[in-house]
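# Tertiary structure, described
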Amino acid sequence: QVQLVESGGGLVQAGGSLRLSCAASGSIVSINAMGWYRQAPGKQRELVAISSSGGSTNYADSVKGRFTISRDNAKNTVYLQMNSLKPEDTAVYYCAADLRITIVIPAKRYWGQGTQVTVSS
């Protein structure tokens, strides 16, 4: 059984910062990409930032220069440092990890339960 547990969401004023964490646990053989998605009310889930196992990163245009994704592979943990937050960043943020639980079965995407981020104006 694999679990992705997120933490760090909350309420912050515009211009403020938050740091999200997501730890993967369970019978994990290897982790490929780890990243963050978000879903605002009435909108589709969208990619925020993603990090490959090799260290390359990709960001949504709307967060470039403000958000930074990082990983601690020894802890199977991914972080999202969010600075200069805007009201439009308000959403439920979901952690995602593409990982393998056996060497035979290809990697599969797992999701966290989501953490609410609210930015007040």
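The structure reproduced in this document is the subject of the present report. All figures in this text were calculated on a predicted structure; none of them were measured in a lab.

## A closer look at the state of the cysteines
- Taken as a whole and judged by the stated rule, the model has 1 disulfide.
- Residue pairing for cysteine 22: its cysteine sulfur links by disulfide to cysteine 95, the two sulfurs lying 2.0 Å apart. Where cysteine 22 bonds to cysteine 95 through sulfur, the torsion about that S-S bond is close to -80°, and the disulfide is left-handed. Here the residue cysteine 22 occupies a position in strand E3 (residues 18-26), and cysteine 95 occupies one in strand E9 (residues 91-100), the gap between them amounting to 73 residues. Per residue, the accessibility class of cysteine 22 equals that of cysteine 95, and both read buried.

## Quick word on the pattern of salt bridges
- Taken as a whole, this structure holds 5 salt bridges when the rule is applied.
- Notably, a salt bridge pairs arginine 38 with aspartate 89, separated by 3.0 Å at the nearest N-O pair. Residue arginine 38 is found in strand E4 (residues 30-39), and its partner aspartate 89 is found in the loop between strand E8 (77-82) and E9; the two are separated by 51 residues along the sequence. In terms of burial, arginine 38 and aspartate 89 fall into one category: buried.

## Structural notes on unusual backbone geometry
- Its identity as a non-glycine residue notwithstanding, asparagine 76 has a phi of 50°, on the positive side.
- Its place among the elements puts asparagine 76 in the loop between strand E7 (67-72) and E8.
- By relative accessible area, which is 25% here, asparagine 76 ends up partly exposed.
- The phi dihedral of serine 84 is positive, around 50°, even though this residue is not glycine.
- Residue position: serine 84 is located in the loop between E8 and E9.

Rules behind the numbers
- Residues numbered from 1 in each chain as written.
- Predicted model: local features only at pLDDT ≥ 70, side-chain atom pairs only at ≥ 80, totals over all residues.
- Heavy atoms only, no water.
- Disulfide = S-S within 2.5 Å.
- Helix = DSSP H or I, 4+ residues; strand = E, 2+ residues; numbered from the N terminus.
- Buried < 20%, exposed > 50% of the residue type's maximum accessible area, 1.4 Å probe, protein only.
- Salt bridge = Lys/Arg side-chain N within 4 Å of Asp/Glu carboxyl O.

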